[in-house]
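Residue strings, one per chain:
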Amino acid sequence: MNETESAIDKGEVEGKVEGKVEGIAKGDLLVILRHSPHGSSWLREGLDAALVAAAFGQQVSLLFAGDGVLALMPHQQAGALGQKGTHGVIDMLAMYDIETLLVDAHALTSRGLSAEDLMLPVSVVEGDALPKLLDRHPLVLNF
Amino acid sequence: MRYALLVQGAPYSSQASHSALRFAQAVVARGHRLDTVFFYHDGVYNAARLAAPPQDEPHLGDAWRALHNEHGTELLVCIAAALRRGLLDEREASRHGKPGHSVEPPFELTGLGQLVEAGLSHDRLITFSP
């Protein structure tokens, strides 16, 4: 096992601002977020599940896919519907030791975005790495 | 094998609850154990005790209760998702000063930690979403 892999196994890989993640992230739980911040409660309830799992001591990875990447757009506000929005929760992820933030590459490019546009450093995951990513988490919750 | 289910679709609005129930019945029919069904997102409406579907349609609430009575399956409902959707058991109704309750045993209001626990402690956690 080389140094990179052992760091991944301990969950210590920091997200890279650009380029592909060098290894495949590993953890107890992978939460996949596929919905945008406003318009439904999927994103908020998915993030809630991630926070609770982290509070229970689980090593949580987040995968932002589809419209879920919009959760990471900077300068968000509460919005017209009087709901709190999710940007506050995104800000709190580090406090919950949720540091493995993964973004589906296609979700970014198809929306004209790049990792630099996002409010936090993330690891970009190419489509062919997704099966391996799922395989490296014993529990996957899909929102 | 020990199974747990996560149900996230509202009953009668989407197929998710119906599929989950049929899967649940198949699991026990094949001799596996179905220990836990966790209701989250709009799936919490499965726990509405006042649901009154037409008599010629399947009664999802009754079917979940039957699963509990016959196989001991625990029926867990996320309390945060339930409360904001008007699903309160007697204790929560009284705590929030509401005139009636809409959830009763064997459905139990519980925290999301139970979902994580169910996912980690069973051989399989199968999600049914709309």
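What this report covers is the structure whose coordinates are included nearby. (Residues numbered from 1 in each chain as written. Chains lettered and ligands numbered in written order. Predicted model: local features only at pLDDT ≥ 70, side-chain atom pairs only at ≥ 80, totals over all residues. Heavy atoms only, no water.)

Right, let's get into the overall build of chain B. Of regular secondary structure, chain B possesses five helices and five strands. Counting helices and strands in the order they occur from the N terminus, chain B gives β-α-β-α-β-α-α-β-α-β. With respect to the principal axes defined by its C-alpha atoms, chain B has extents near 45 × 35 × 25 Å. Expressed as a percentage of its 130 residues, the buried residues of chain B come to 51%. Long-range pairs, those at least 24 residues apart, make up 77% of the contacts in chain B with a sequence separation of at least 6. For chain B, the accessible surface area stands at approximately 6,400 Å², while carbon and sulfur atoms represent 46% of it. (Helix = DSSP H or I, 4+ residues; strand = E, 2+ residues; numbered from the N terminus. Buried < 20%, exposed > 50% of the residue type's maximum accessible area, 1.4 Å probe, protein only. Contact = heavy atoms within 4.5 Å. Areas by Shrake-Rupley, 256 points an atom, 1.4 Å probe, with all protein chains shown as cover.)

What follows covers the packing of helix H1 (residues 16-29) of chain B against helix H2 (residues 60-71) of chain B. Angle between the axes and distance between the axes: these two values describe a pair of packed helices. All names here are of chain B. Here H1 crosses H2 at 20°, and the two axes come no closer than 11 Å. Here H2 runs roughly parallel to H1, going by the angle between their axes. The crossing of H1 and H2 is left-handed. Facing Ser17, His18, Ala20, Leu21, Ala24 and Val28 of H1, the residues of H2 in contact are Leu60, Ala63, Trp64, Leu67 and His71. Of the residues in the contact of H1 with H2, the class split is eight nonpolar, three polar and no charged. (Axes fitted to C-alpha atoms, helices over the stretch in contact; angles between N-to-C directions. Parallel < 35°, antiparallel > 145°, perpendicular 65-115°, else oblique. Left-handed = near helix turned anticlockwise from the far one by under 90°. Nonpolar A, V, L, I, M, F, W, Y, C, P; charged D, E, K, R; others polar.)

Looking now at the environment of B:Gln8. With respect to the element layout, B:Gln8 can be found in the loop between strand E1 (2-7) and H1. On the accessibility criterion, B:Gln8 (0% relative accessible area) is buried. In this structure, the C-alpha to C-alpha distance between B:Gln8 and B:Phe38, residues 30 residues apart in sequence, is 8.6 Å. In this view, B:Gln8 contacts A:Trp42, A:Asn142, A:Phe143, B:Tyr40, B:His41, B:Asp42, B:Gly43, B:Thr127, B:Phe128, B:Ser129 and B:Pro130; residues no more than four positions away in its chain are not counted.

What follows concerns the sheet that holds strand E4 (residues 123-125) of chain A. All names here are of chain A. Taking strand neighbours across the sheet as the criterion, the five strands line up as E4-E3-E2-E1-E5 in an open arrangement whose pairing is parallel. Every interior strand has two partners, whereas the edge strands, E4 and strand E5 (139-142), have only one. Across the sheet, the mean angle separating the axes of adjacent strands is 25° when strand polarity is ignored. In this fold helix H2 (residues 42-55) packs onto strand E1 (29-33), strand E2 (60-64) and E5, with an angle of close to 165° to the strand it touches most, E1. (Pairing = 2+ DSSP bridges.)

It is worth spelling out the environment of A:Arg34 at this point. Residue and element names in this part refer to chain A. Within the secondary structure, Arg34 sits in the loop between E1 and H2. A sequence separation of 37 residues divides Arg34 from Ala71, and the C-alpha atoms of the two residues are 9.4 Å apart. Reaching out from Arg34, the side chain makes a polar contact with the side chain of Asn142 at a distance of 2.8 Å. (Polar contact = N/O pair within 3.5 Å; in protein donor to acceptor, adjacent residues only side chain to side chain.)

On to the interface of chain B and chain A, then. On the chain A side, the residues contacting the 16 residues of chain B number 15 residues. Across the chain B/chain A interface, buried area totals approximately 1,300 Å², and carbon plus sulfur atoms make up 68% of it. For the pair chain B and chain A, the interface holds one salt bridge. Of the charged contacts in the structure, one is a salt bridge between A:Glu45 and B:Arg85, with a shortest N-O distance of 2.9 Å. Connecting chain B to chain A are six residue pairs in polar contact (both at pLDDT 80 or more). Here the element with the most residues in the side of chain B that touches chain A is helix H5 (residues 113-121) of chain B; it accounts for five residues. (Buried area = accessible area lost by both parts, 1.4 Å probe. Salt bridge = Lys/Arg side-chain N within 4 Å of Asp/Glu carboxyl O.)

Under the definition given, this model contains six aromatic pairs over all chains. On the basis of an interplanar angle of 90° and a centroid distance of 5.9 Å, the ring pair of A:Phe143 and B:Tyr40 is categorised as edge-to-face. Here A:Phe143, found in the segment after E5, pairs with B:Tyr40, found in the loop between strand E2 (33-39) and H2, and the two come from separate chains. Consider the rings of B:Phe23 and B:Phe128, whose centres lie 5.6 Å apart with planes at 55°: the pair is tilted. One end of the pair, B:Phe23, is in helix H1; the other, B:Phe128, is in strand E5 (residues 124-128), with 105 residues separating them in the sequence. The exposure class assigned to B:Phe23 is partly exposed, which follows from its relative accessible area of 27%. With a relative accessible area of 13%, B:Phe128 lands in the buried category. Members of the aromatic cluster, joined through ring pairs, are A:Phe143, B:Phe38 and B:Tyr40. (Phe/Tyr/Trp six-rings, centres within 6.5 Å; stacked < 30°, edge-to-face > 60°.)

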